[in-house]
Amino acid sequence: MNKEISIGNHIISKDGPVFIVAEMSANHNMDFDRAVSIMRAAKEAGADAVKIQTYTADTITLNCEDSCFQITQGTLWDGTTLHRLYESAYTPWEWQPKLKKIAEEMGLTFFSSPFDFSSVEFLEEMEVPAYKVASFEITDIPLIQKIAQKGKPIIMATGVAHLADIELALDTCRKAGNEDVILLKCTSAYPTPYEDVNLRTIPSMGDTFDCLTGLSDHTFGCAVAGAAVALGARVVEKHLTLRRADGGADAAFSMEPEEFAQMVDQIRKIEKALGKVTYDLTPGQRKEREHSRSLFIAKDMKAGDVFTAENLRSVRPANGLHTKYYEELLGKRIVRDAQMGTPMSWELVDNKDRA
């Protein structure tokens, strides 16, 4: 898979800035103005992109009351059916071109997760710069093939995927001629318990599939996102709402704007702190090194005195001889008088005793 991928004005690479995505999902609560406000909050919080979801209840599931369509897995949405949930959570399609235009005017990249062939074609007409494959669609090989054939970058979540599912999905993209795929470590639990995140999978996933990686995160707070960046995540996606108290299908595990801004700030600081692999000292470190240890005369000495543990010590600062000469100097004689606090040098050592 490619290791440098362009989405909108952003280049995602191993050494580039993290691509931070605000997922709106159902947090618009069927209010267009609220959707715009969420995008504005995303921009003000420092997000690079806003992502939505493109489906209707009828394109994602069946209007069926049979037991397998009932939500009973111990989720936030237990007690309803898939169809009823998605009827209340979808983003009206007539909004989406308008939202994209507004987002781009704000300077945000705008893209979506399609859930069937018709939504892929709809998003193509909108000229989205990328696609997201949601966790539960990683097993929909015809859909992935359809998306991959469009030649756009693909961000693929792995929240319910076995290793074989990921392999098959990536192989499908390759066969379609699309190598611009980023895998997101994801745990499909809403919210996700910290002990179920398993962030160490991120570098393993990158090595296993030779691709860029990231995180789709449903935990509370920003600690997990920051840790993911430290482990190599190049994309971070978090749900954003205006206020959790406003309710909605995804509100309970979504960030509020102030929290999202804090996450962005921490990620940008972590990026700076990660830096590069180097053993060179910064100018500041070189200056501070002047306060490291070296050998000094610790008591007043007369010419001919012998260096001992009492009159020769390793102390701060670094003006004297290196401490590695300490044992070598013990027992040798000083050639002239020296006061306490004199930096040790070879010029103080009797010629016949010098190294």
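Check the entry above for the structure.
Along each chain, residue indices are assigned from 1 in the same order as the chain's sequence is written. Reporting in this predicted model follows two pLDDT cut-offs: at least 70 for local features of residues, and 80 or more for side-chain atom pairs to be given and counted; totals over whole chains, interfaces and linings ignore these cut-offs and use all residues. Hydrogens and waters are ignored; side-chain quantities use all the structure's heavy atoms.

S.K.: Help me out: how do you make sense of the pairing of strand β11 (residues 294-297) in this one?
M.R.: Each regular strand displays side chains that alternate between the two surfaces of the sheet. Three exposure classes are used, based on accessible area relative to the maximum for each residue type with a 1.4 Å probe and protein chains only: buried under 20%, partly exposed in between, and exposed over 50%. A run of H or I in DSSP becomes a helix once it reaches four residues, and a run of E becomes a strand once it reaches two; helices and strands are each numbered from the N terminus. Neither face of β11 is exposed, since S294 and F296 on one face and L295 and I297 on the opposite face are all buried. Two strands are said to pair when DSSP picks up at least two bridges between them. Pairing of β11 with strand β12 (residues 312-315), which is carried by four bridges, proceeds in the antiparallel orientation. In the strand pairing of β12, I297 is matched with L312.

S.K.: Can you walk me through the side chain of D250 in this structure?
M.R.: Its place among the elements puts D250 in the loop between β10 (235-239) and α10 (257-274). Residues in contact with D250, not counting those within four places in the same chain, are S25, A26, N27, W77 and H239. Pairs of residues are marked as contacts when any of their non-hydrogen atoms sit within 4.5 Å.

S.K.: Whenever I open this one, the packing of aromatic side chains confuses me. Can you help?
M.R.: Given two aromatic rings, one states the distance between the centres and the angle between the planes to describe the pair. Between rings of Phe, Tyr and Trp, where Trp is taken as its six-membered ring, a pair exists when centres lie within 6.5 Å; planes separated by under 30 degrees are stacked, by over 60 edge-to-face, and by other angles tilted. Here the structure, examined in full by the defined rule, presents nine aromatic pairs. Measuring from centroid to centroid gives 6.3 Å for W77 and F253, while their planes differ by 80 degrees, and the two rings are edge-to-face. One end of the pair, W77, is in the loop between α2 (57-60) and α3 (82-89); the other, F253, is in the loop between β10 and α10, with 176 residues separating them in the sequence. For F253, a relative accessible area of 3% translates into the label buried. Taken together, the ring pairs in this structure connect Y55, Y86 and F115 into an aromatic cluster. Two limits define a charge over a ring: the Lys NZ or Arg CZ must be within 6 Å of the ring centre, and within 35 degrees of the ring normal. In this structure, K146 packs its charged tip against the face of F117, placed 5.3 Å from the ring centre.

S.K.: Sorry if this is basic, but what is going on with the nonpolar core here?
M.R.: Note that soluble globular proteins tend to have their nonpolar side chains buried in a common cluster. Formed by 54 residues in total, the largest nonpolar core has its most connected members in M39, M156, F260 and M263. Counting 13 residues, the second-largest nonpolar core is a separate cluster that includes I7, I155, L184 and L212. Residues grouped as a nonpolar core are buried Ala, Val, Leu, Ile, Met, Phe, Trp, Tyr and Cys residues, joined through side-chain atoms within 4.5 Å.

S.K.: Sorry if this is basic, but what is going on with the environment of V315 here?
M.R.: Position of V315 relative to the elements: it lies in strand β12. Distance from V315 to P343, taken between C-alpha atoms, is 10.0 Å for residues 28 residues apart in sequence. Apart from the residues within four sequence positions on either side, V315 is in contact with S292, R293, S294 and F296.

S.K.: Looking at this model, I keep getting lost on unusual backbone geometry. Mind explaining?
M.R.: Keep in mind that most residues, glycine aside, have a negative phi and that most peptide bonds are trans. For the bond running from Y190 to P191, omega is 0 degrees, close enough to zero to count as cis. Within the fold, P191 resides in the loop between β8 (181-186) and α8 (201-209). Put simply, R316 and P317 share a cis peptide bond, and its omega is 10 degrees. Within the secondary structure layout, P317 lies in the loop between β12 and α12 (326-329).

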